[in-house]
Structures are given as C-alpha cells and as structure tokens.
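Chain residues, written in single-letter form:
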Amino acid sequence: MRSKSKKPDTLLTHAGRDPATCRGAVNPPVYHASTILQPSVAALEAAQRNRYDEIAYGRFGTPTTRAFEDAVAAVEGGQRAVAFCSGAAACFATLLAYLKAGDHVLVPDNVYGPVRGFCNGFLERFGVHSTFYDPLIGEGIAGLVRDNTRVIYLESPGSLTFEIQDVPAIVAVAKGRGIVTMLDNTWAAPLFLKPLALGVDVSIIAATKYIVGHSDAMMGIAVCTETSFMPVRETATLLGNHAAPDDCYLALRGLRTAALRLRQHELQGLALARWLAARPEVERVLHPALPGCPGHDFWKRDFSGSSGLFSIVLRADIAKPAIDAMLDGMELFGLGFSWGGFESLMVQVRPDRLRSAKPWQSGPVLRIHAGLEDQSDLIADLERGFSRLNAQR
C-alpha cells in the first residue's frame, strides 16, 4: 500500500479517510446497518463471496468499520485488521484462530489477567494446554516448545510489572518451528512499537486505551499480515463478533490526535516516574524507559517512545490501611481500571496473585496512569497522598 511509506504522524492523520466518497466530509460518517441491499442476484452472490472486501452485511463491517480497520492497519504496518467490541475479545479470538483441542500455547507470566483466565479456564476446558513462561526468557523459550506448540503469545511490556520482552529472539525461535506469534501491543500503540516489523504475526491492541483516548468507548483490534488475516477474520465471524459503528467512529476520531496525546502522556509519565523514584516510600519504579526496569535495553532497541502507564513498588513495611488512606483522598488520580484516557489513574495491583512461572515478591505495587493534567498539580496531589500514607504508618 502506498500509504505505508508515509511517516507515522501523517498516517495517524490521513489513513482510513476518503473525503471524495463521503461528499467531501473530512471524517467518514457513521453507517448504522444490518441489511445491505444489492441491485441484483449476481451482485448479492458476489458480495457474499467477498464479504470481507465488499459491504455485505452489518456484522461483517460497515464503511465506518472498514475505515477504522484500514487506518490502524496502515499505522501498524499490517496488511489488514479486524475490529472487535473490546480488547479482551481481540485477544481471545486471535488465540482461538490458531488453537484447537490437543494444542499447546506459551504465554508470558505477566500477561493481562483476563487472558490468563481465558487460558486457564476456557482453553483448558476444550483441551488446549497453556504454559506460562518467564517474560525475560528470550531465546531460552526454545526449551519450552513442544511438538504440539502452535502459538507463542507475547505482551511487551507486561501488565502490572512492565518487563520488556526480547521479541526478535522469541520470534526467531517461533519461525524456526512454524509457530504463530501474537503480541499485545496496547501499551505502545499506535505509535511507539511496530510488532509486525519485528516478525510478529498478529499485533493485538485494546483500542479502548490510547486509540480511543477519552475513556468513552470499548474497542479492540487485531492487525494482521496477509497470511494471518483470514484465520482471525473467520474466527471473529464464527464467534459473532461485531464492532459497533459508533465505537469505531470514536476510535477513528481518537486516532487522529493519538500522536500528540501519546507524546504528552510520555512526558508526564517520565516526569512522575522520576519524581516518585526519589520518594523514600518508593522502593523502585517499574517504567520501561528507566534503566532499572527489567528489559530496559530491549525497550531502547525496539521502541521509539514510552506511554504514560507504569508501576511503583512501595516499601514492604507499608501496610494496606496506609495505602488506602493515600488512595481514598486523591483528587486528580482516579480510582478505576482501564487507562489511556486523558485522566490520571492510580490503583493497587497484586501481581503476586497472578504469577506461576516465577513468583513475584515485592512490597505493595501501585499502577499509575499519567494523564494530561498540569504536571505540578499531579505532583502536589501525590505529595498530599504520601502525607496521608505516612500519617497512618
């Protein structure tokens, strides 16, 4: 595609737009449609044969859906993309596209919690066994590959603890064994990491986060190579997946400003992470762009920037009542899940409850999303929070 040669900021602004077919409108309109009428039997039959290229039925995608899919595929360097109703749905369907009873999948130990639950629950019930591996294993993953290993799943950085994986080394092992690779790219998308350029077969994004950017729509998308598109697309169809056109419109609108927002989130996140690293209550900061984060050298090699999500590890002697006092009184840092919106968030997380390959041992962990508020106001809010924390100790 000609658009792939353009720079990321240009693609974020222009990909998926065609004003000439929209009566000159800059943004593609929202098409609400289930039935798509055809002018003849021959046209109806042709649309059914080419249902992922033509507009054949609402569940297969409207022009709004296709505009969003085309835009994200162009930005990620993919051939095609499949929109889903949530990031979790994109993760689950992409796994199901390549796994069947009797197969084996390798999953990083720091994976997004719902994916771990899906592997241990749903997949296990249907005869697919999952092995959770140390996310820093690199080429050593070859020792975990079995004859029936069909998929290696990656997430870089990982949920809650932010280890960066050696993606090229793992991909090299997978390609040598004919194994499909898929990577959850939500933290860095749509700007700071291009998994398909590193040889990954499918890049999965919870577009709910930085692509939508305003905490008002649920959306997932799987960006595919030419080879991986049909397995993922057909699985989405078989599961009855349908991404709502209004949500696709919101995601497409958010995409246009994602570069500006992400760079500001990056600045905010780094400033807060460095400030927090100097606090006596903080044992360490888990931010991929800082040298102390596991896999930092891989971040420097593979990423072009960092987003606003990171974690801090508090001192082990800080108890829950003190942490609750800190969090309950925060003014600007909201208590809530998800992230990637314009607002700052902070929650306590428990990675120790999710690990199985390599136990997680540390003091209490707080996950922070640096929003777009004034930096000095955010730091003042944190200072007041630590005062409440210390008052309870």
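Residues numbered from 1 in each chain as written. Predicted model: local features only at pLDDT ≥ 70, side-chain atom pairs only at ≥ 80, totals over all residues. Heavy atoms only, no water.

### Some points on empty space enclosed by the protein
- Under the definition given, this model contains four cavities of 30 Å³ or more.
- The computed volume of the largest cavity comes to approximately 60 Å³.
- Lining the largest cavity, in full, are G58, R59, F60, G61, T65, E69, A83, R233, N241, H242 and A243.
- For the lining of the largest cavity, the per-class residue count stands at three nonpolar, five polar and three charged. (1 Å grid on protein atoms, 1.4 Å probe; cavity = no way out; pocket = protein on both sides within 12 Å on 5 of 7 lines; lining within 4 Å. Points joined across faces, edges and corners; volume = space filled by probe spheres on them. Nonpolar A, V, L, I, M, F, W, Y, C, P; charged D, E, K, R; others polar.)

### Focus on the sheet that holds strand 5 (residues 180–184)
- Ordered by their spatial adjacency, seven strands build an open sheet running 1-7-6-5-4-2-3, and the pairing between neighbours is mixed. Among the strands making up the open sheet, the edge pair consists of strand 1 (80–84) and strand 3 (129–133). Sheet twist, expressed as the average angle between the axes of neighbouring strands with direction ignored, equals 20 degrees.
- With three bridges connecting them, strand 2 (residues 104–108) and strand 4 (residues 149–155) associate as parallel partners. In the sheet register, L106 faces strand 4, and the bridge partner there is I152.
- Strands strand 2, strand 3 and strand 4 of the sheet are contacted by helix 5 (residues 113–125), whose axis makes an angle of about 155 degrees with strand 3. (Pairing = 2+ DSSP bridges. Helix = DSSP H or I, 4+ residues; strand = E, 2+ residues; numbered from the N terminus. Axes fitted to C-alpha atoms, helices over the stretch in contact; angles between N-to-C directions. Contact = heavy atoms within 4.5 Å.)

### Digging into the pattern of salt bridges
- Under the defined criterion, the tally for this structure stands at 18 salt bridges.
- A salt bridge links K320 to D324; its shortest N-O distance comes to 2.8 Å. Here the residue K320 and the residue D324 both occupy positions in helix 11 (residues 320–328), the gap between them amounting to four residues, near one helical turn.
- With relative accessibility at 53%, the residue K320 sits in the exposed group.
- Of the charged contacts in the structure, one is a salt bridge between D352 and R350, with a shortest N-O distance of 2.8 Å.
- On the basis of relative accessibility, which here comes to 34%, the residue D352 falls in the partly exposed class. (Salt bridge = Lys/Arg side-chain N within 4 Å of Asp/Glu carboxyl O. Buried < 20%, exposed > 50% of the residue type's maximum accessible area, 1.4 Å probe, protein only.)

### Let's talk about the environment of M326
- As for its placement among the helices and strands, M326 is situated in helix 11.
- Judged by its relative accessible area of 0%, M326 is buried.
- C-alpha of M326 to C-alpha of F386: the two residues are 60 residues apart in sequence and 6.2 Å apart in space.
- Beyond its immediate chain neighbours, meaning those up to four positions away, M326 contacts M346, L366, L382, G385, F386, R388 and L389.

### Section: helix 3 (residues 63–76)
- Helix length check: helix 3 (14 residues) gives 20 Å between terminal C-alpha atoms against 20 Å at 1.5 Å per residue, within 8%.
- In terms of burial, helix 3 is largely enclosed, as twelve of its 14 residues are buried.
- Those residues of helix 3 that fall on the buried side of the exposure criterion are T64, T65, R66, A67, F68, E69, A71, V72, A73, A74, V75 and E76.
- Tucked into the core, helix 3 has its buried residues touching helix 1 (8–14), strand 1, strand 6 (202–205), strand 7 (220–224), helix 7 (226–238) and helix 8 (245–256).
- Phi for G77, located one or two positions after helix 3, is positive at around 80 degrees. (Expected span 1.5 Å × (residues − 1).)

### Concerning the pairing of strand 1
- Counting buried positions over the five residues of strand 1 gives four, a clear majority of the element.
- With five bridges connecting them, strand 1 and strand 7 associate as antiparallel partners. Its bridge partner lying in strand 7, A81 is registered against V223.

### As for unusual backbone geometry
- Cis geometry is found at the peptide bond from S156 to P157, where omega equals -5 degrees.
- For P157, the position within the fold is in the loop between strand 4 and helix 6 (167–177).
- Omega for the bond connecting A189 with P190 falls within 30 degrees of zero, at 5 degrees, which places this linkage in the cis form.
- Here P190 is to be found in the loop between strand 5 and strand 6.
- Although it is not a glycine, S215 sits at a positive phi angle of roughly 55 degrees.
- S215 sits in the partly exposed class, given a relative accessible area of 46%.
- A positive phi is found at S338, a non-glycine position, where the angle reads about 70 degrees.
- Here S338 is to be found in the loop between helix 11 and strand 10 (345–349).
- Overall, S338 belongs to the partly exposed group, its relative accessible area being 28%.

### Regarding the state of the cysteines
- Per the stated rule, a full pass over the model turns up zero disulfides.
- Not part of a disulfide, C85 finds its nearest cysteine sulfur in C248, a span of 10 Å.
- With no disulfide partner, C224 has as its closest neighbouring cysteine sulfur the one in C91, 13 Å distant.
- Take C224: its relative accessible area is 0%, and that puts it in the buried class. (Disulfide = S-S within 2.5 Å.)

### Observations regarding the packing of helix 3 against helix 8
- At a closest axis distance of 8 Å, the pairing of helix 3 and helix 8 adopts a crossing angle of 35 degrees. Between helix 3 and helix 8 lies a crossing whose hand is left-handed. Judged by residue contacts, T64, T65, A67, F68, A71 and V72 of helix 3 engage P245, C248, Y249, A251, L252 and L255 from helix 8.
- Looking at the contact of helix 3 with helix 8 residue by residue, the class counts come to ten nonpolar, two polar and no charged. (Left-handed = near helix turned anticlockwise from the far one by under 90°.)

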